[in-house]
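Given next are the chains, with one letter for each unit.
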Amino acid sequence: MKSNTELLAKVTEFIGYEADLLDHKGYQEWLSLWTDSGLYIVPTDLNETDYLNTLNLALDDADMRRMRVARLINGESVSADSVGYTVRMMSRIRVLEASDDVVVARCAMTLNELRHGKLVTYPANIEYRLVPTDEGFLVDRKVVKLLHADGFLRTVSFIF
Amino acid sequence: MSELIELQDISLKAADMVEEGRVHKSLYSDPEIFEEELDKVFNNTWVFVGHESEVPDSGSFKTSFVGRHPVILTRDRKGNLHVLQNRCRHRGATVCEGRKGKTKALTCPYHGWGYGLDGSLRALPKPEEYDGVFDKKDMSLESLRFETYQGMVFATFKDDIEPLVDFLGGAKKWIDLFAKQGGGYPMKVLGEHRFNFPGNWKIQLENTTDAYHFPIVHKSFVSSLDDATADIFDFLDGEGFVEDLGHGHSVMVMIPELVDLEADLDQPIPARFEALAAELREEGKSEDEVKKLVRAAHGTGFNLNLFPNVSCSMAFFRVLRPVSVGETEIQHVALGGEGAPQAFNRKRMRLHEHFQGPMGFGTPDDGEAWERVQKGSQSGKDGWILVNRGMTRLRTSVDGNPQGAVCSETGMRGAYQQYKKMMAAGSTTNTAPAEEK
Ligand code: FES
Ligand SMILES: [Fe+2]
């Protein structure tokens with residue numbers, strides 16, 4: 001397998017940067033990381049690929065992302081206010097596809113949330129479709145495949 | 001320590017813990033009462049197990065529960081529905097796992113007994129050892145009595161309770177209205193969200209008939225809507241009502257204009273549905289059909305609470321399952337139209353994702369409030385939960401039922417009276433299995 005360490009380093013840096021923003025609630029900056037048509041998707045069915053025609057846990061276009069962020073920060077949501085911090089580990093990063101227009105990468109995430117004093121853990125595979133620009137990557141699609149996507153989840157008042 | 005002992009010594013029976021306008025907080029937290037509920041409530045009434053559209057073809061199955069008992073809803077070769085206990089007749093393994101799917105047979109993984117989707121035992125390895133021991137035809141999976149209404153399948157362990165239609169009674173007219181969700185197409189399940197919360201099942205049961213919490217708990221959801229839509233959800237001062245329909249069922253009408261989705265079809269298209277209308281027109285739908293589909297896309301303006309475990313909630317089914325005294329699993333089942341334009345079903349799913357499920361803009365805040373109720377109700381050795389809101393301001397509905405303001409607790413009182421009646425009755429007899437601990 002031919003590896004492109006420079007590209008992998010860039011992708012790794014970007015994924016770490018995005019994860020850091022989300023753990024530290026840098027939501028406004030996170031919103032600026034997206035292409036206009038970008039989609040943030042958390043599917044219920046891990047085998048499904050036609051996300052638009054299936055029910056997902058979340059399928060956010062730019063409007064929904066903006067509203068999701070507003071809900072988390074405007075102080076009106078009792079559940080968002082009782083989330084402390086999340087700590088997520090991103091690892092096993094692999095570039096699956098790379099061209100001048102698009103880079104597809106996959107990684108593992110373990111997100112930990114402290115909720116009413118109890119630790120809740122979310123393991124997931126995440127797939128990124130990134131668009132290279134002069135200022136760095138933009139996210140065109142992020143699919144969060146939770147390990148227990150089709151089980152009974154706890155409610156989520158943060159962003160994966 | 002002495003306080004703890006006194007706590008255990010509450011001599012009231014569960015049925016006595018329900019008064020007209022209040023219920024004792026132990027109903028949320030006493031494990032013995034929980035066991036009694038499974039026995040006297042869930043084993044003794046009609047329990048929702050699924051919708052016919054979830055098992056569309058011969059060979060389709062869906063796993064479900066009646067109280068604590070795992071069951072399977074199936075459609076056999078001839079197209080007939082069955083509700084079967086998910087327990088192999090040999091040594092008891094479940095014969096079916098997974099949410100739903102399609103299969104030719106239900107094969108037990110342990111020793112390979114194979115059952116048809118009608119529950120009959122078809123084949124087993126090395127059958128000669130059973131010669132003279134039993135006859136295969138007596139070893140079908142045990143089936144439950146079930147009946148359907150508008151495609152909703154309800155099952156029961158009891159052979160001697162009233163027919164489903166009598167149990168639903170005054171709720172039937174509202175189920176008929178709810179079934180207009182499909183916009184002229186048969187109502188169909190599109191998918192479901194699943195989540196759990198650390199609290200008692202009755203907290204969820206109450207919530208579906210609780211409009212009082214909406215503007216408080218769901219403030220952040222309302223803020224995310226455009227002004228016109230936010231106005232629709234500002235219903236506490238409107239003409240809505242809560243009506244006790246008997247047998248523990250109730251309806252809470254929040255948006256009276258949206259009770260009948262097939263009425264008032266001449267309304268202009270609201271801004272948030274313009275994109276949908278444009279897509280439908282592009283598909284060649286007539287203006288009449290566009291208006292009908294757009295209006296149905298909203299969902300109905302009411303929550304119909306069916307005792308004990310399902311609610312037809314505006315645009316979806318809310319199904320609860322009691323797991324333990326302090327844990328409840330909930331499904332939010334998204335609905336659309338069978339054969340309806342994809343654009344319509346897509347819109348329905350996007351609206352569902354907006355509010356419902358563990359990542360919706362509504363559910364997490366409900367969940368937070370319920371978790372607080374469970375936690376708070378542990379405080380103090382004695383205490384009551386109030387359900388007396390609007391109790392002295394009741395009127396009689398056109399159907400002759402008690403009806404109160406939209407933000408009254410009329411529906412909760414109805415549910416608790418049914419609960420009281422069932423909990424006061426003797427233990428189960430008949431075919432209902434005893435609860436094992
Ligand atoms: S337990 Fe099912 S075949 Fe033995
Ligand atoms: Fe709510």
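1. Some words on the domain arrangement of chain B
Residue and element names in this part refer to chain B.
Here's step 1: With domains assigned, chain B is organised as domain 1 (47-148) and domain 2 (170-422).
Here's step 2: Taken residue by residue, the interface counts 9 residues in domain 1 and 10 residues in domain 2.
Here's step 3: Note on domain 1 versus domain 2: buried area summed over both sides is about 1,100 Å², and carbon and sulfur give 60% of it.
Here's step 4: Three residues, Phe48, His51 and Arg99, lead the burial of domain 1 against domain 2; their summed loss comes to 50% of the area buried on that side.
Here's step 5: A salt bridge links Glu192 to Arg99; the nearest nitrogen and oxygen atoms lie 3.9 Å apart.
Here's step 6: Where domain 1 packs against domain 2, one counts 2 residue pairs in polar contact (both at pLDDT 80 or more).
Here's step 7: If one sorts the elements of the side of domain 1 that touches domain 2 by residue count, strand E2 (residues 47-51) sits on top with 3 residues.

2. Quick notes on helix H9 (residues 274-282) of chain B
Residues and elements named next belong to chain B.
Here's step 1: For H9, the set of buried residues is Leu276, Ala277 and Leu280. In an axial view of H9, the angular spread of the buried residues amounts to 100°, which keeps them on one side of the axis. Along H9, the residues that are exposed and aim more than 90 degrees away from the buried face are Ala275 and Glu282.

3. Regarding the pairing of strand E18 (residues 327-337) of chain B
Residue and element names in this part refer to chain B.
Here's step 1: With respect to burial, E18 is a largely interior element, 10 of its 11 residues being buried.
Here's step 2: In this structure, strand E12 (residues 187-197) lies alongside E18, joined through 10 bridges in antiparallel fashion. From the neighbouring strand, Asn196 faces E18, where its bridge partner is Glu329.
Here's step 3: Direction of pairing for strand E17 (residues 316-324) relative to E18: antiparallel, over a ladder of 8 bridges. Residue Leu320 lies in a different strand from E18, and its bridge partner there is Ile330.
Here's step 4: Linking E17 back to E18 in an antiparallel pair, the connection comprises 2 residues.

Scoring rules and cut-offs
Residues numbered from 1 in each chain as written. Chains lettered and ligands numbered in written order. Predicted model: local features only at pLDDT ≥ 70, side-chain atom pairs only at ≥ 80, totals over all residues. Heavy atoms only, no water. Domains from an automatic or database assignment. Contact = heavy atoms within 4.5 Å. Buried area = accessible area lost by both parts, 1.4 Å probe. Salt bridge = Lys/Arg side-chain N within 4 Å of Asp/Glu carboxyl O. Polar contact = N/O pair within 3.5 Å; in protein donor to acceptor, adjacent residues only side chain to side chain. Helix = DSSP H or I, 4+ residues; strand = E, 2+ residues; numbered from the N terminus. Buried < 20%, exposed > 50% of the residue type's maximum accessible area, 1.4 Å probe, protein only. Arc of directions from axis to C-beta. Pairing = 2+ DSSP bridges.

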